[in-house]
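# Structural overview for review
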Amino acid sequence: MFAREDGDVPDSIWLRPERAARGPAPEHSREEIAATAIGIADERGLPAVTMRAVAGALGSGPASLYRYVASRDELLELMVNEVHGELDYTRLGSGDWLADLLVLAHESRAGYLRHPWMIELASTRVAVGPSAMDFLEHALAAMSTLDVDAITKLETVGLLGGMVVMLTRAELGDQQSPEVQQARAAYVGAVAAEGRHPHLAAVVFAAASGPAAPTEPLFDRVVTRMLTGLLRAEG
């Protein structure tokens, strides 16, 4: 149904028109299908998103969903594209490439926090839908005044996305109670005091006796260091 004329490679869903030139109008839009699947994932997790579950939520039979997507993978593509479409680009255009890239990083982080299951998808697939292309365009626009080559710019966008996923995953995963955090810190301190890890001991001592921790959020500090290290440009 979705194969190219040569019969070898299926077309990308994004290269196929949403509505066929002939036949009845589709009952559901791609946006409606994606929103329904996202609702299931938000409530019950990504494994609950099956063709049968989404079709049932739409009030139709499982087979009917194949009129719109060729597989569950394509359904996931619709979901990823829909979430990327939530990003707000209105704060861009500051004229400061770093500030604009930080805005994009924060927008991506907010999307992952709203939909934590997106972290799993971002770790296993490269988003190539229309909304991902919009993100790429805005990121490249932010870097347009920098004297760096095209490959470096594309690598920067990819690494920025990976860094946001990593930091957000850590943020969601490190939600232990204060008691557990204190016990963990006490163990690290005890190991440092034993004397078998001198470099660890030096860092622990410096952290405990040195200046106060930076007030800038960890997310901003790490992303800024990565971007300035990669691009090495003034602006």
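These figures come from a predicted structure and were not determined experimentally.

This part is about helix α9 (residues 198-209). In a regular helix each residue adds 1.5 Å, so 12 residues correspond to 16 Å; α9 covers 16 Å between its end C-alpha atoms and thus fits that length. Among the 12 residues in α9, zero count as buried, and that is only a small part of the element.

On to helix α4 (residues 97-114), then. For α4, which comprises 18 residues, the first-to-last C-alpha distance of 26 Å matches the rise-based estimate of 26 Å (1.5 Å per residue) to within 8%. When we look at burial in α4, the residues that qualify are W97, L98, D100, L101, L102, V103, L104, A105, E107, S108, G111 and Y112. On the buried face of α4, the contacting elements are α3 (72-84), α5 (117-124), α6 (130-142), α7 (150-173) and α10 (218-231). Sitting at the amino-terminal end of α4 is D96, which places a side-chain oxygen 3.0 Å from the backbone nitrogen of L98.

So, on to the pattern of salt bridges. Applying the stated rule across the entire model yields six salt bridges. Between R125 and D73 there is a salt bridge, with its nearest N and O atoms 3.5 Å apart. Taken together, the residues R125 in the loop between α5 and α6 and D73 in helix α3 connect sequence positions 52 residues apart. Judged by its relative accessible area of 45%, D73 is partly exposed. Between E194 and R196 there is a salt bridge whose closest N-O contact spans 3.2 Å.

Below, the discussion takes up a nonpolar patch on the surface. On the surface, V126, V128 and M133 cluster together into a nonpolar patch covering about 290 Å² of accessible area. Summarising the element assignment, V128 is placed in the loop between α5 and α6. Classification of V128 by relative accessible area gives partly exposed; the value is 46%.

Take the packing of α7 against α10 next. Two measures define how a pair of helices packs: the angle their axes make with one another and the distance between the axes. It is at 10 Å that the axes of α7 and α10 come closest, and there the two elements cross at 160 degrees. Taken together, the axes of α7 and α10 lie roughly antiparallel to each other. Both α7 and α10 take part in a crossing whose hand is right-handed. On the side of α7, the interface is formed by T152, T156, L159, L160, M163, V164 and L167, while α10 contributes F219, V222, V223, M226, L227, L230 and L231.

Moving on: the packing of α5 against α7. Remark: α5 packs on α7, axes separated minimally by 10 Å, with the N-to-C direction vectors making an angle of 145 degrees. Judged by the twist between their axes, the crossing of α5 over α7 is left-handed. Where α5 abuts α7, its residues I119, A122 and S123 lie against V165, T168, R169 and L172. Its residues assigned to classes, the contact of α5 with α7 comprises four nonpolar, two polar and one charged.

Analysis parameters
- Residues numbered from 1 in each chain as written.
- Predicted model: local features only at pLDDT ≥ 70, side-chain atom pairs only at ≥ 80, totals over all residues.
- Heavy atoms only, no water.
- Helix = DSSP H or I, 4+ residues; strand = E, 2+ residues; numbered from the N terminus.
- Expected span 1.5 Å × (residues − 1).
- Buried < 20%, exposed > 50% of the residue type's maximum accessible area, 1.4 Å probe, protein only.
- Contact = heavy atoms within 4.5 Å.
- Polar contact = N/O pair within 3.5 Å; in protein donor to acceptor, adjacent residues only side chain to side chain.
- Salt bridge = Lys/Arg side-chain N within 4 Å of Asp/Glu carboxyl O.
- Patch = residues over 30% accessible without salt bridge, like charges linked within 9 Å, V, L, I, M, F, W, Y side chains within 5 Å.
- Areas by Shrake-Rupley, 256 points an atom, 1.4 Å probe, with all protein chains shown as cover.
- Axes fitted to C-alpha atoms, helices over the stretch in contact; angles between N-to-C directions.
- Parallel < 35°, antiparallel > 145°, perpendicular 65-115°, else oblique.
- Left-handed = near helix turned anticlockwise from the far one by under 90°.
- Nonpolar A, V, L, I, M, F, W, Y, C, P; charged D, E, K, R; others polar.

Purely geometric stuff here, so don't read any function into it on its own.
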